[in-house]
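# Chain and residue survey
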Amino acid sequence: SSGINAEYGGTFVKQESLEKEKLLLGFTFSFPMDQASLCKGRLVRWTKGFENNGVIGEDVAQLLTSSLKNNELTANVEVVALANDTAGTLVAGVMKYPTCRAGLIFGTGTNGAYSEKICNVPALRETETTEEQVVINMEWGNFGEHGQLSDLQTKFDKILDSASSNPGKQLYEKMISGMYMGELVRLALLERVSTQSLFNAEPPLALNTPNSLEAAVVSDCIRDVAHVRNFFGTAISADDVAVIQEVCRSVSDRAARLAAAGVYAIWEKRGKEEFVVAVDGSVFSKHATFSHVLKQTLKDMGCSVKLETATDGSGLGSALIAAVA
């Protein structure tokens, strides 16, 4: 994967005629890592269905650096900052909204980061530094690993988890993010078929194929009946359309409300003060109802944060970090 990144970097360098320039690079890495410094971090585990042998436990910044040096076009590119996508989103948010204190991702996966006083972080209390704040990458997608979500999991969550590449891991993410939203809908619809209450017990071929239903389709089905018929077939009944839309809304609304619980936790941890939360990711920006339900749920709970879209905040934030490194 680092080799592919170096190839893309080489294409950019060539297109912009920057072969002779020394370039500083901010590396956005959207997976759990043990980060020892600004530009050093070892991969803890893969998530979101990704897998690449020989990378776990390795310094991903160093791997990218080696690939860059082995490419003639990127030999002058130096990795000076390594950041999780949520940290990048937070930094990008601060540039636009001075009171931004958290960055969130709701896309293929989900995660959160927030700024915290160093004195509140036990592992850093003895650190010699003049800084007062530190960015905490929560890796909240893995919440639930110790049974905290067992009362909220449905049988569809459990089926999805057992069939995934990482059973028992990333359970919160599997209940919220775009990668899994469509599969939860598919599993719920298949049960309706098995009880002969949908499609006259004869499901469309796509419904029998695992992971065939993408989050974008779920969103489109909520938005427009025409999209339901386009994906599931023009001959389905009006009752079938209603059931499909109901299931799509239910899965999507639950995802948004669970996401709101995570935002509320950050707000509570920071003393329930008012602040801006920068948010990036296709589920938040493009899903038909997700952002509305998320915001309404926070309002209903009395949470006084303000969610602001940070388009490509993860990449922009890493670039900003590199610029001041």
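Here, every reference points to the structure presented above.
Before going into details, it helps to say that this report is about the structure given with it. Remember, it's a predicted structure, so these values are computed and weren't measured experimentally.

## Quick look at the sheet that holds strand β7 (residues 133–137)
Each strand in a sheet pairs with its neighbour through backbone hydrogen bonds, running either in the same direction (parallel) or in the opposite one (antiparallel). The sheet built from five strands is open, its strands ordered β7-β6-β5-β8-β9 with mixed pairing. Each of the sheet's edge strands pairs with one partner strand only, and the pair in question is β7 and β9 (306–309). Sheet twist, expressed as the average angle between the axes of neighbouring strands with direction ignored, equals 25°. Examined bridge by bridge, strand β6 (residues 110–117) and β7 share five bridges and lie antiparallel to one another. Opposite lysine 117, over in β7, you have glutamine 133 as the bridge partner.

## A short note on empty space enclosed by the protein
Counted under the stated rule, the structure contains one cavity of 30 Å³ or more. Each pocket or cavity is described by its volume, and for the largest cavity that value is around 40 Å³. Lining the largest cavity, in full, are Gln153, Asp157, Leu160, Asp161, Leu171, Lys174, Met175 and Leu184. Contributing elements (two or more residues each) for the lining of the largest cavity: α4 (155–163) and α5 (171–174). For the lining of the largest cavity, the element with the most residues is α4, which contributes three residues.

## A few points about the packing of aromatic side chains
On inspection of all chains with the given rule, the structure shows 12 aromatic pairs. Arranged with centres 4.9 Å apart and planes meeting at 75°, the rings of phenylalanine 231 and phenylalanine 232 form a pair that is edge-to-face. On the accessibility criterion, phenylalanine 232 (6% relative accessible area) is buried. Ring centres of tyrosine 264 and tryptophan 267 lie 5.2 Å apart, and the angle between their planes is 65°; on these two criteria the pair is classed as edge-to-face.

## What about the pairing of strand β3 (residues 40–43)?
In the case of a regular strand, side chains alternate between the two sheet surfaces. Judged by which residues are buried, β3 turns out to be one-sided: Gly41 and Leu43 face inward and are buried, whereas Lys40 and Arg42, on the alternate face, are not. In this sheet, β3 lies alongside strand β2 (residues 33–37) in antiparallel orientation, the contact comprising four bridges. Within the sheet, the bridge partner assigned to serine 37 lies in β3 and is lysine 40. Connecting β2 to the antiparallel partner β3 that follows it, the hairpin turn spans two residues.

## A short note on the layout of surface pockets
By volume, the largest pocket amounts to about 1,100 Å³. For the largest pocket, the lining is made up of 33 residues, of which Gln35, Val134, Val135, Ile136 and Asn137 are closest to its centre. Mapped onto the lining of the largest pocket, the elements with two or more residues apiece are β2, β4 (77–83), α3 (85–96), β5 (100–106), β7 and α12 (313–324). Here the residues of the lining of the largest pocket sort into 21 nonpolar, eight polar and four charged.

## Observations regarding α4
Residues of α4 that are buried: Phe156, Asp157, Leu160 and Asp161. Relative to the axis of α4, the buried residues are bounded by an arc of 135° and lie together on one face. Of the exposed residues in α4, those oriented more than 90 degrees away from the buried face are Ser162 and Ala163. Against the buried residues of α4 lie α5, α6 (178–194) and α9 (238–269).

## Notes on the pattern of salt bridges
In the structure shown here, the tally under the stated rule is 10 salt bridges. Of the charged contacts, one joins lysine 22 and glutamate 78 as a salt bridge, the two residues approaching to 3.4 Å between their closest N and O atoms. Here the residue lysine 22 occupies a position in the loop between α1 (2–15) and β1 (23–28), and glutamate 78 occupies one in strand β4, the gap between them amounting to 56 residues. Here glutamate 145 ties to lysine 169 by a salt bridge, and the two come within 2.4 Å at their closest N and O atoms. Taken together, the residues span a long stretch of sequence, with glutamate 145 in the loop between β7 and α4 and lysine 169 in the loop between α4 and α5 at a distance of 24 residues. Here lysine 169 falls in the partly exposed class, since its relative accessible area comes to 32%.

Calculation rules
- Residues numbered from 1 in each chain as written.
- Predicted model: local features only at pLDDT ≥ 70, side-chain atom pairs only at ≥ 80, totals over all residues.
- Heavy atoms only, no water.
- Pairing = 2+ DSSP bridges.
- Helix = DSSP H or I, 4+ residues; strand = E, 2+ residues; numbered from the N terminus.
- Axes fitted to C-alpha atoms, helices over the stretch in contact; angles between N-to-C directions.
- 1 Å grid on protein atoms, 1.4 Å probe; cavity = no way out; pocket = protein on both sides within 12 Å on 5 of 7 lines; lining within 4 Å.
- Points joined across faces, edges and corners; volume = space filled by probe spheres on them.
- Phe/Tyr/Trp six-rings, centres within 6.5 Å; stacked < 30°, edge-to-face > 60°.
- Buried < 20%, exposed > 50% of the residue type's maximum accessible area, 1.4 Å probe, protein only.
- Nonpolar A, V, L, I, M, F, W, Y, C, P; charged D, E, K, R; others polar.
- Arc of directions from axis to C-beta.
- Contact = heavy atoms within 4.5 Å.
- Salt bridge = Lys/Arg side-chain N within 4 Å of Asp/Glu carboxyl O.

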